[in-house]
Amino acid sequence: MSKKRHRIVETLLWIVVVIVVLWVVSPFYWAVITSFKKPADVFRLSSIPWVQFRPTLNNWQTEFNQRGPEITRGLLNSVTIAIGASVFAVFLGSLAGYGLARHRYTKWRNQSMSFWFLSQRFLPPAATVIPFFLLMKSLKLLDTQIALILVNTTFVMPFAVLIMRDMFKELPVELEEAAWVDGCSRWQSFVRIALPLAAPALVATVIICFAFAWNEFLFALVLTYKKASPMTVVIAGTEHTQGVQFWYVSTRLLLAIIPPTILALTVQKYIVRGLTMGAVKG
Amino acid sequence: MKREKGNVFVIPAIIWIFTFTIFPLVYSFRVSISRISYGKITGFAGLSNYVRMFGDYRFWGTLRFTLIFVSISVVATTFLGLGLALVFNRKMRGLKVFRSLLTMPLFTAPVALGYLGVMMFYEENGPVNVLLKYLGMGKVPWLSHPWWATLAVCMVDVWQWTPFAFIILLAGLQSISDEIYEAAVIDTSSGWTVFRYVTLPLISPVLGTVLMLRLVDAFKIFDVPFSLTSGGPGTATRTLTFYIYTQGLRNFDLGYASAMAYFLLAITMMIGMLFFRRYRELYE
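Owing to the predicted nature of the structure, the values given are computational and were not obtained by experimental measurement.

A.B. asks: What should I look at first to understand the overall build of chain B in this one?
C.D. replies: The helix and strand tally for chain B stands at 12 helices and 2 strands. Starting at the N terminus and walking to the C terminus, you meet the elements of chain B as α-β-β-α-α-α-α-α-α-α-α-α-α-α. In terms of principal-axis extent, the alpha carbons of chain B reach across some 75 × 70 × 30 Å. Restricting the contact set of chain B to residue pairs at least 6 apart, pairs at least 24 apart contribute 66%. Accessible surface computed for chain B: about 13200 Å², of which carbon and sulfur atoms make up 66%.

This is the structure:
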């Protein structure tokens, strides 16, 4: 490739980068600036703070003064549910992942079991939401965090099983074999050797599960009314008779968006594998 | 190695999934063929709920919208993702930062994105319409006209899921070794030929994965229409899941909703089967 042509290609590439970044970031940017705008500025064409409008913290303050309890409860519920679900899922998932990576099952073959776990992702939530509702109702668990922890564990566990399975497969089995020779049991070598070595993937899995449980909406909407409602339901319940109050909506949106996004950005490396659950060795 | 001992590891997860998906699914099948009143099963209804489904024009309406949405969204996300992946499949400074930025939409709650969409697509001076005005186009009734609302729902979904297709396809492209390309370039000159006969066959399993996951996810969509358009205007953007939710948990017509849920389950499971058959070897 000639030098000149190379430069043209580079420039075109950067133009594409800029367009794509703008495309991806602008809605977030809009939410951020809207949350710092006075209501009067919201419907005016202003997008540059300090130049076109004077940013204010009013919305955030008013929002927390008027709806403080509702929002803190929402955030706390989201945190509890997401942590609960990801811990359960990763606990069960790393056990199963280890089993699938290290054992050859003869009755149900390994492949079939991996399929079976993966197929949970194909399951439409609409198919289980009604029985879940009836189940939780009869167990008197409606509007509790427990109900949502159980539901979300079920949905995010396939991620955990398959990410951990791949992780354990990559760990050399020799390390564990040495331990078995020294008299360690399978279980001991799992807890003392394999698990600590898989720590990075373990953390990444927790975070991916956390983000998915945090963002879940349909089940949260159906299984909670008030006490146990997470942030996704809190933002959905904020329509007003005076029309949409964008300046408040955006504060709440940001509260719901920021935590899982920040966490997810920290586990960049494992995301591809996590999302496709082993189908791409990326 | 003792075989039986391995069961300890997989059994907890199997029991969990059995309790929380298989059991509910069986129960909901029972509900779908039963007569229900006040949340209690009172009799046998046979297949009447399923029969009713085929005569319900609202069901067909939601199915129609779901299909339109699925086709637009899956095609657009896959093509855009593939295009971007091809463009960025090279060693470039700053690519990592770019990739991180692109994953942001993936970790945003779809329901929150819907509300963000309400702000973006607002008819009077919303940023999208302002931009269109600068480009010399008229005001678009994004959320009040059925066709535009359909497009808005698709656009939010494309915005959220294109990064998914992009990142996975990029990973697929980067796992192809350079030697293969070098050999190909010597033999042929056209970029298209290389793409068609070298790149495409090599990334076909990855492309298949992306397509399948996107298809299945798109069929399940609920959050974005719920928050962006509330299924409106009228019922123009009501998806199957949305209708199931309304019938089952708003109108408490549990049997009918369960029957429709089974229909949706059949669709996604069919897609899943196709995927399994094709890519079995990936799960050795």
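A.B. asks: I tried to follow the nonpolar core on my own but got confused; where do I start?
C.D. replies: Across soluble globular proteins, nonpolar side chains have a tendency to be buried as a group. Ranked by internal contacts, the top residues of the largest apolar core, which has 190 residues, are Phe168(A), Leu223(A), Phe166(B) and Leu169(B). The contact partners of Leu223(A), leaving out residues within four places of it in the chain, are Phe132(A), Phe133(A), Met136(A), Leu142(A), Asp143(A), Ala147(A), Leu148(A) and Val151(A).

A.B. asks: Got a minute to help me understand the interface of chain B and chain A in this structure?
C.D. replies: In many analyses, interface size is given as the accessible surface area lost on bringing the parts together. At the junction of the two partners, chain B supplies 91 residues and chain A supplies 92 residues. Roughly 9000 Å² of surface becomes buried between chain B and chain A when both sides are summed, with 80% attributable to carbon and sulfur atoms. Taken together, the links from chain B to chain A amount to 1 salt bridge. The residue Arg121(A) makes a salt bridge to Asp217(B) at a minimum N-O spacing of 2.7 Å. Viewed at the interface, chain A and chain B are joined by 10 residue pairs in polar contact (both at pLDDT 80 or more). The element that contributes the greatest number of residues to the side of chain B that touches chain A is helix 1 (residues 7-32) of chain B, accounting for 18 residues.

A.B. asks: Could you clarify how one ought to interpret the pattern of salt bridges in this entry?
C.D. replies: Any two side chains of opposite charge can pair, given that their charged atoms come close. By the definition in use, this model includes 10 salt bridges over all chains. One salt bridge in this structure joins Glu63(A) and Arg67(A), with 3.9 Å as the shortest N-O distance. Of the two residues, Glu63(A) and Arg67(A) are both situated in helix 3 (residues 58-102); the distance of 4 residues between them amounts to about one turn of the helix. With respect to burial, Glu63(A) and Arg67(A) carry one shared label: buried. Put simply, Lys220(B) and Asp217(B) hold a salt bridge, and the shortest N to O gap is 3.7 Å. Through salt bridges that share partners, Glu63(A), Arg67(A), Glu70(A) and Arg252(A) make up one connected network.

A.B. asks: Before we go on, may I ask you to explain the packing of helix 3 of chain A against helix 12 (residues 246-266) of chain A in this structure?
C.D. replies: When two helices pack together, you describe them by how their axes are tilted relative to each other and by the distance separating the axes. Residue and element names in this part refer to chain A. Their axes nearest at 11 Å, the elements helix 3 and helix 12 cross at an angle of 40°. Viewed along their axes, helix 3 and helix 12 adopt a mutual orientation that is oblique. Helix 12 is crossed by helix 3, and the crossing has right-handed handedness. Between helix 3, through Asn59, Trp60, Thr62, Glu63, Phe64, Arg67, Ile71 and Leu75, and helix 12, the contact on the second element is made entirely by Trp247, Tyr248, Thr251, Arg252, Leu254 and Leu255. For the contact of helix 3 with helix 12, the residue count by class is 8 nonpolar, 3 polar and 3 charged.

A.B. asks: Help me out: how do you make sense of helix 5 (residues 110-120) of chain B in this one?
C.D. replies: Every α-helical turn comprises 3.6 residues, leaving residues that sit three or four positions apart pointing alike. Across the 11 residues of helix 5 of chain B, 11 count as buried, placing the element largely inside the fold. Buried residues of helix 5 of chain B: Pro110(B), Val111(B), Ala112(B), Leu113(B), Gly114(B), Tyr115(B), Leu116(B), Gly117(B), Val118(B), Met119(B) and Met120(B), and no others.

A.B. asks: How do you make sense of unusual backbone geometry when you look at a structure like this?
C.D. replies: Most peptide bonds take the trans configuration, and most residues that are not glycine carry a negative phi. All names here are of chain B. Backbone geometry at Asn125 places phi at a positive 65°, although glycine is not the residue there. Within the secondary structure, Asn125 is located in the loop between helix 5 and helix 6 (127-134). The phi dihedral of Phe252 is positive, around 55°, even though this residue is not glycine. Residue position: Phe252 is located in the loop between helix 11 (240-250) and helix 12 (254-279).

A.B. asks: How should I be thinking about the confidence of the model for chain A in this particular structure?
C.D. replies: Regions with low pLDDT should not have their predicted coordinates read in detail. When pLDDT is averaged along chain A, the result is 85, and 92% of the positions lie at 70 or above. Predicted confidence in chain A is weakest over helix 13 (residues 268-276) of chain A, with a mean pLDDT of 71, and strongest over helix 10 (residues 218-223) of chain A, with 94.

A.B. asks: What exactly am I supposed to notice about a nonpolar patch on the surface here?
C.D. replies: Together, Ile8(A), Leu12(A), Ile15(A) and Ile19(A) make up an exposed nonpolar region whose accessible area comes to about 390 Å². Within the secondary structure, Ile19(A) is located in helix 1 (residues 3-35).

A.B. asks: What is the right way to read the environment of Pro225(B) from this model?
C.D. replies: All names here are of chain B. Residue position: Pro225 is located in helix 10 (residues 223-228). Taking the C-alpha atoms as reference points, Pro225 and Thr237, separated by 12 residues in sequence, lie 6.4 Å from one another. Sequence-distant contacts of Pro225, that is, excluding residues within four places in its chain, are made with Val153, Ser230, Gly231, Thr237, Thr239 and Phe242.

A.B. asks: So what exactly am I meant to see when it comes to helix 4 (residues 95-103) of chain B here?
C.D. replies: All names here are of chain B. Along helix 4, the positions that sit buried rather than exposed are Leu95, Phe98, Leu102 and Thr103. Buried residues of helix 4, seen end-on, are gathered within an arc of 135° and therefore sit on one face of the element. Across from the buried face of helix 4, at angles greater than 90 degrees, the exposed residues are Lys96 and Val97.

Rules used throughout
Residues numbered from 1 in each chain as written. Chains lettered and ligands numbered in written order. Predicted model: local features only at pLDDT ≥ 70, side-chain atom pairs only at ≥ 80, totals over all residues. Heavy atoms only, no water. Helix = DSSP H or I, 4+ residues; strand = E, 2+ residues; numbered from the N terminus. Contact = heavy atoms within 4.5 Å. Areas by Shrake-Rupley, 256 points an atom, 1.4 Å probe, with all protein chains shown as cover. Core = buried A, V, L, I, M, F, W, Y, C linked by side-chain atoms within 4.5 Å. Buried < 20%, exposed > 50% of the residue type's maximum accessible area, 1.4 Å probe, protein only. Buried area = accessible area lost by both parts, 1.4 Å probe. Salt bridge = Lys/Arg side-chain N within 4 Å of Asp/Glu carboxyl O. Polar contact = N/O pair within 3.5 Å; in protein donor to acceptor, adjacent residues only side chain to side chain. Axes fitted to C-alpha atoms, helices over the stretch in contact; angles between N-to-C directions. Parallel < 35°, antiparallel > 145°, perpendicular 65-115°, else oblique. Left-handed = near helix turned anticlockwise from the far one by under 90°. Nonpolar A, V, L, I, M, F, W, Y, C, P; charged D, E, K, R; others polar. pLDDT = per-residue confidence, 0-100. Patch = residues over 30% accessible without salt bridge, like charges linked within 9 Å, V, L, I, M, F, W, Y side chains within 5 Å. Arc of directions from axis to C-beta.

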